[in-house]
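Residues per chain, in single letters:
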Amino acid sequence: MRRRRIFATVMALAVCFVLSALSPSRVDAIVDELLFIKSVTGTYFLSQQDENNFKRIVTITADYCFFSVSQESPSFGFSDGQGAWQRIGLQQKIRARILDFDFDLETGAPLSVSRATFTIMFAVKVNGKFQAVSGEFLVEQFELNKNPLDPKAEPFQTFGPTGFTGHRVTVD
(Lines give C-alpha, C1' and ligand atoms only; values in the text may rest on other atoms or scores of the structure.)
Protein backbone atom coordinates (compact mmCIF):
# COMPACT_ATOMS: atom_id res chain seq x y z
CA MET A 1 0.00 0.00 0.00
CA ARG A 2 2.84 2.37 0.88
CA ARG A 3 4.55 1.64 -2.45
CA ARG A 4 1.37 2.55 -4.31
CA ARG A 5 1.16 5.90 -2.52
CA ILE A 6 4.79 6.66 -3.29
CA PHE A 7 4.29 5.66 -6.91
CA ALA A 8 1.12 7.77 -7.19
CA THR A 9 2.93 10.77 -5.67
CA VAL A 10 5.89 10.40 -8.04
CA MET A 11 3.54 10.11 -11.03
CA ALA A 12 1.56 13.18 -9.94
CA LEU A 13 4.77 15.18 -9.62
CA ALA A 14 5.91 13.98 -13.05
CA VAL A 15 2.61 15.05 -14.62
CA CYS A 16 2.87 18.47 -12.93
CA PHE A 17 6.44 18.85 -14.21
CA VAL A 18 5.43 18.00 -17.78
CA LEU A 19 2.39 20.29 -17.69
CA SER A 20 4.45 23.18 -16.28
CA ALA A 21 6.74 22.93 -19.33
CA LEU A 22 3.80 23.36 -21.71
CA SER A 23 2.29 26.65 -22.78
CA PRO A 24 -1.01 27.62 -21.10
CA SER A 25 -2.91 27.22 -24.38
CA ARG A 26 -1.53 23.69 -24.82
CA VAL A 27 -2.52 22.82 -21.24
CA ASP A 28 -6.03 24.17 -21.93
CA ALA A 29 -6.27 21.99 -25.08
CA ILE A 30 -5.17 18.90 -23.15
CA VAL A 31 -7.64 19.60 -20.34
CA ASP A 32 -10.43 20.20 -22.89
CA GLU A 33 -9.68 16.87 -24.61
CA LEU A 34 -9.61 14.99 -21.29
CA LEU A 35 -12.92 16.54 -20.23
CA PHE A 36 -14.44 15.67 -23.62
CA ILE A 37 -13.28 12.05 -23.33
CA LYS A 38 -14.79 11.84 -19.85
CA SER A 39 -18.07 13.34 -21.08
CA VAL A 40 -18.58 10.92 -24.00
CA THR A 41 -17.23 7.58 -22.75
CA GLY A 42 -19.92 5.08 -21.87
CA THR A 43 -22.58 2.91 -23.44
CA TYR A 44 -25.46 4.24 -25.56
CA PHE A 45 -28.72 2.66 -26.74
CA LEU A 46 -29.47 3.75 -30.33
CA SER A 47 -32.62 3.57 -32.47
CA GLN A 48 -32.30 3.75 -36.24
CA GLN A 49 -34.41 6.46 -37.85
CA ASP A 50 -35.74 4.43 -40.78
CA GLU A 51 -38.60 2.04 -41.55
CA ASN A 52 -36.85 -0.82 -39.67
CA ASN A 53 -36.19 1.08 -36.42
CA PHE A 54 -33.47 -1.45 -35.49
CA LYS A 55 -31.73 -1.03 -32.14
CA ARG A 56 -28.00 -0.94 -31.50
CA ILE A 57 -25.79 -0.69 -28.43
CA VAL A 58 -22.47 1.13 -28.77
CA THR A 59 -19.70 1.57 -26.24
CA ILE A 60 -17.17 4.39 -26.43
CA THR A 61 -14.02 3.91 -24.34
CA ALA A 62 -11.50 6.41 -22.99
CA ASP A 63 -8.70 4.75 -24.99
CA TYR A 64 -10.49 5.56 -28.26
CA CYS A 65 -12.04 2.11 -28.85
CA PHE A 66 -15.57 1.78 -30.19
CA PHE A 67 -17.78 -1.33 -29.92
CA SER A 68 -21.15 -1.99 -31.51
CA VAL A 69 -23.74 -4.76 -31.30
CA SER A 70 -27.00 -4.70 -33.24
CA GLN A 71 -30.29 -6.53 -32.79
CA GLU A 72 -30.21 -7.24 -36.53
CA SER A 73 -26.88 -9.14 -36.38
CA PRO A 74 -28.41 -12.65 -36.11
CA SER A 75 -31.04 -11.97 -38.80
CA PHE A 76 -28.61 -10.64 -41.36
CA GLY A 77 -25.56 -12.76 -40.50
CA PHE A 78 -22.99 -10.28 -39.26
CA SER A 79 -20.85 -10.16 -36.13
CA ASP A 80 -20.51 -7.47 -33.51
CA GLY A 81 -18.29 -4.60 -34.61
CA GLN A 82 -15.08 -3.33 -33.12
CA GLY A 83 -13.10 -0.26 -34.02
CA ALA A 84 -11.88 3.18 -33.03
CA TRP A 85 -13.13 6.75 -32.63
CA GLN A 86 -11.79 10.29 -32.78
CA ARG A 87 -13.15 13.72 -31.99
CA ILE A 88 -14.03 15.94 -34.94
CA GLY A 89 -12.25 19.25 -34.36
CA LEU A 90 -13.40 21.02 -31.21
CA GLN A 91 -17.03 20.09 -31.76
CA GLN A 92 -19.16 17.90 -29.50
CA LYS A 93 -18.96 15.26 -32.21
CA ILE A 94 -16.97 12.12 -33.00
CA ARG A 95 -16.33 9.90 -36.01
CA ALA A 96 -16.07 6.17 -35.34
CA ARG A 97 -15.23 3.28 -37.63
CA ILE A 98 -15.88 -0.40 -36.93
CA LEU A 99 -15.27 -3.64 -38.77
CA ASP A 100 -17.39 -6.77 -38.60
CA PHE A 101 -17.61 -10.10 -40.38
CA ASP A 102 -20.53 -11.20 -42.55
CA PHE A 103 -21.62 -14.86 -42.70
CA ASP A 104 -23.86 -17.07 -44.80
CA LEU A 105 -27.02 -17.61 -42.74
CA GLU A 106 -27.39 -21.26 -43.76
CA THR A 107 -23.80 -22.53 -43.63
CA GLY A 108 -22.11 -20.01 -41.36
CA ALA A 109 -19.33 -19.61 -43.94
CA PRO A 110 -17.63 -16.19 -43.98
CA LEU A 111 -18.79 -14.06 -46.90
CA SER A 112 -17.36 -10.56 -46.50
CA VAL A 113 -16.06 -7.87 -44.16
CA SER A 114 -18.09 -4.74 -43.45
CA ARG A 115 -16.86 -1.32 -42.48
CA ALA A 116 -19.31 0.98 -40.74
CA THR A 117 -18.52 4.65 -40.27
CA PHE A 118 -20.47 6.58 -37.63
CA THR A 119 -20.80 10.31 -37.06
CA ILE A 120 -22.15 10.96 -33.58
CA MET A 121 -23.22 14.30 -32.09
CA PHE A 122 -23.61 14.63 -28.32
CA ALA A 123 -26.16 16.71 -26.38
CA VAL A 124 -27.75 17.18 -22.95
CA LYS A 125 -24.87 17.17 -20.49
CA VAL A 126 -25.71 16.10 -16.92
CA ASN A 127 -23.02 15.94 -14.24
CA GLY A 128 -20.30 16.26 -16.88
CA LYS A 129 -21.57 13.41 -19.09
CA PHE A 130 -23.55 13.65 -22.31
CA GLN A 131 -26.90 11.86 -22.10
CA ALA A 132 -28.24 12.04 -25.67
CA VAL A 133 -26.77 11.31 -29.09
CA SER A 134 -27.82 11.60 -32.71
CA GLY A 135 -26.08 10.98 -35.98
CA GLU A 136 -25.77 8.61 -38.89
CA PHE A 137 -23.80 5.62 -40.07
CA LEU A 138 -22.81 4.18 -43.43
CA VAL A 139 -22.04 0.47 -43.99
CA GLU A 140 -19.75 -0.70 -46.79
CA GLN A 141 -19.20 -4.40 -47.58
CA PHE A 142 -15.90 -5.71 -48.95
CA GLU A 143 -14.89 -9.06 -50.39
CA LEU A 144 -12.90 -11.23 -47.98
CA ASN A 145 -9.72 -10.81 -50.02
CA LYS A 146 -9.96 -6.98 -49.79
CA ASN A 147 -8.64 -4.85 -46.95
CA PRO A 148 -11.50 -2.61 -45.73
CA LEU A 149 -8.92 -0.26 -44.19
CA ASP A 150 -7.26 0.38 -47.57
CA PRO A 151 -8.56 3.74 -48.84
CA LYS A 152 -8.30 2.42 -52.42
CA ALA A 153 -10.45 -0.65 -51.71
CA GLU A 154 -13.87 -0.49 -53.37
CA PRO A 155 -16.91 -1.90 -51.53
CA PHE A 156 -19.19 -4.20 -53.49
CA GLN A 157 -22.26 -3.01 -51.57
CA THR A 158 -23.20 0.04 -49.49
CA PHE A 159 -26.07 0.68 -47.04
CA GLY A 160 -27.09 4.08 -45.78
CA PRO A 161 -26.37 6.56 -44.55
CA THR A 162 -28.89 5.74 -41.85
CA GLY A 163 -29.80 8.20 -39.11
CA PHE A 164 -30.20 7.36 -35.43
CA THR A 165 -30.93 8.87 -32.04
CA GLY A 166 -30.03 7.46 -28.67
CA HIS A 167 -29.41 7.81 -24.96
CA ARG A 168 -26.69 6.93 -22.50
CA VAL A 169 -27.21 3.70 -20.55
CA THR A 170 -27.14 4.49 -16.82
CA VAL A 171 -27.52 2.50 -13.62
CA ASP A 172 -30.45 4.52 -12.29
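Presented here is an overview of the structure given in this document. Computed from a predicted structure; not experimentally measured.

**A few points about the overall build of the protein chain**
A count of helical and extended segments in the protein chain gives three helices and eight strands. In sequence order, the secondary structure elements of the protein chain are arranged as α-α-β-β-β-α-β-β-β-β-β. Buried residues in the protein chain amount to 33% of all 172 residues. Taking the contacts inside the protein chain whose residues are at least 6 apart along the sequence as the reference set, 45% of them involve residues at least 24 apart. By element, 60% of the accessible surface of the protein chain is carried by carbon and sulfur atoms, the whole surface being about 11,000 Å².

**Focus: the pairing of strand 2 (residues 55–60)**
Here strand 2 shows one buried face, formed by Arg56, Val58 and Ile60, and one open face, formed by Lys55, Ile57 and Thr59. Hairpin geometry of strand 1 (residues 42–48) and strand 2 is characterised by an intervening segment of six residues between the two adjacent antiparallel strands and by a positive phi of about 55° at Asn53. Pairing of strand 2 with strand 3 (residues 65–70) involves five bridges; the strand directions are antiparallel. Bridging from a neighbouring strand, Arg56 pairs with Ser70 of strand 3. What sits between the antiparallel neighbours strand 2 and strand 3 is a turn of four residues, in which Tyr64 has the positive phi angle 70°.

**As for a nonpolar patch on the surface**
A cluster of nonpolar side chains, contributed by Phe45, Ile57, Val69 and Val169, occupies part of the molecular surface with about 310 Å² of accessible area. In this fold, Ile57 is placed in strand 2. Residue Ile57 is classed as partly exposed on the basis of its relative accessible area, which comes to 37%.

**Comments concerning the sheet that holds strand 1**
A barrel is described by the order of its strands in space; here eight strands give the closed sequence 1-2-3-4-5-6-7-8, paired in antiparallel fashion. Strand-to-strand twist of the sheet, defined as the mean angle between neighbouring strand axes without regard to direction, takes the value 30°. Bridge count between strand 6 (residues 110–126) and strand 7 (residues 129–143): 14 bridges; the pairing is antiparallel. Within strand 7, the residue paired with Ser112 across the bridge is Glu143.

**Observations regarding the pattern of salt bridges**
Inspection of every chain in the model, using the stated rule, returns one salt bridge. Notably, a salt bridge pairs Arg115 with Glu140, separated by 2.7 Å at the nearest N-O pair. Within this pair, whereas Arg115 is found in strand 6, its partner Glu140 is found in strand 7, the two being separated by 25 residues in sequence. Taken as a pair, Arg115 and Glu140 share a single burial class, namely buried.

**Focus: unusual backbone geometry**
What you tend to see is this: most non-glycine residues have negative phi, and most peptide bonds are trans. Of note, the amide linkage connecting Gly160 to Pro161 takes the cis form, showing an omega dihedral of 10°. Assignment of secondary structure puts Pro161 in strand 8 (residues 157–168). For Val124, which is not a glycine, the phi torsion comes out positive at approximately 55°. Mapped onto the elements of the fold, Val124 is located in strand 6. Residues other than glycine seldom take positive phi values, yet Asn127 does so here, at roughly 50°.

**A short note on the environment of Glu136**
Tracing the sequence through the fold places Glu136 in strand 7. In the structure, Glu136 is positioned 29 residues away from Thr165 in sequence and 8.6 Å away in space, judged by C-alpha atoms. With residues near it in sequence (within four places) discarded, Glu136 still touches Thr117, Phe118, Thr119, Pro161, Thr162, Gly163 and Phe164.

**Some remarks on the nonpolar core**
Of all hydrophobic cores here, the largest spans 21 residues; its most connected members are Tyr44, Phe66, Trp85, Phe118 and Phe122. Looking at this core, the elements that each hand over two or more residues are helix 2 (24–40), strand 1, strand 2, strand 5 (93–103), strand 6 and strand 7. Dropping the residues within four chain positions of it, Phe118 is found in contact with Arg56, Phe66, Ser68, Ile94, Arg95, Ala96, Ile98, Glu136, Phe137 and Phe164.

Rules behind the numbers
Residue indices begin from 1 for each chain and proceed along its sequence in written order. With the structure being a predicted model, the display of local features is reserved for residues of pLDDT at least 70 and the display and counting of side-chain atom pairs for 80 or more, all residues being used for whole-chain, interface and lining totals. Computation of side-chain values covers all heavy atoms of the structure but excludes hydrogens and water. Secondary structure elements are taken from DSSP: a helix is a run of H or I of four residues or more, a strand is a run of E of two residues or more, and numbering for both begins at the N terminus. A 1.4 Å probe rolled over the protein chains alone gives each residue an accessible area, and that area as a share of the maximum for its type sets the label: buried under 20%, exposed over 50%, partly exposed in between. Residue contacts follow a heavy-atom distance rule, with two residues in contact if any of their heavy atoms lie within 4.5 Å. Under the convention used here, a 1.4 Å probe and the Shrake-Rupley method define accessible areas, while residue burial counts only the protein chains that appear. Two strands qualify as a pair provided that DSSP identifies no fewer than 2 bridges between them. For patches, a residue must show more than 30% relative accessible area and have no salt bridge; joins then use 9 Å for like charges and 5 Å for nonpolar side chains, namely Val, Leu, Ile, Met, Phe, Trp and Tyr. Any Lys or Arg side-chain nitrogen located within 4 Å of an Asp or Glu carboxyl oxygen qualifies as a salt bridge. For helices, the axis comes from a line fit to the C-alpha atoms of the stretch in contact; other axes are also lines fit to C-alpha atoms, and the angle between any two N-to-C directions lies between 0 and 180 degrees. Nine residue types can take part in a nonpolar core, namely buried Ala, Val, Leu, Ile, Met, Phe, Trp, Tyr and Cys, and a core is a set of them joined through side-chain atoms within 4.5 Å.

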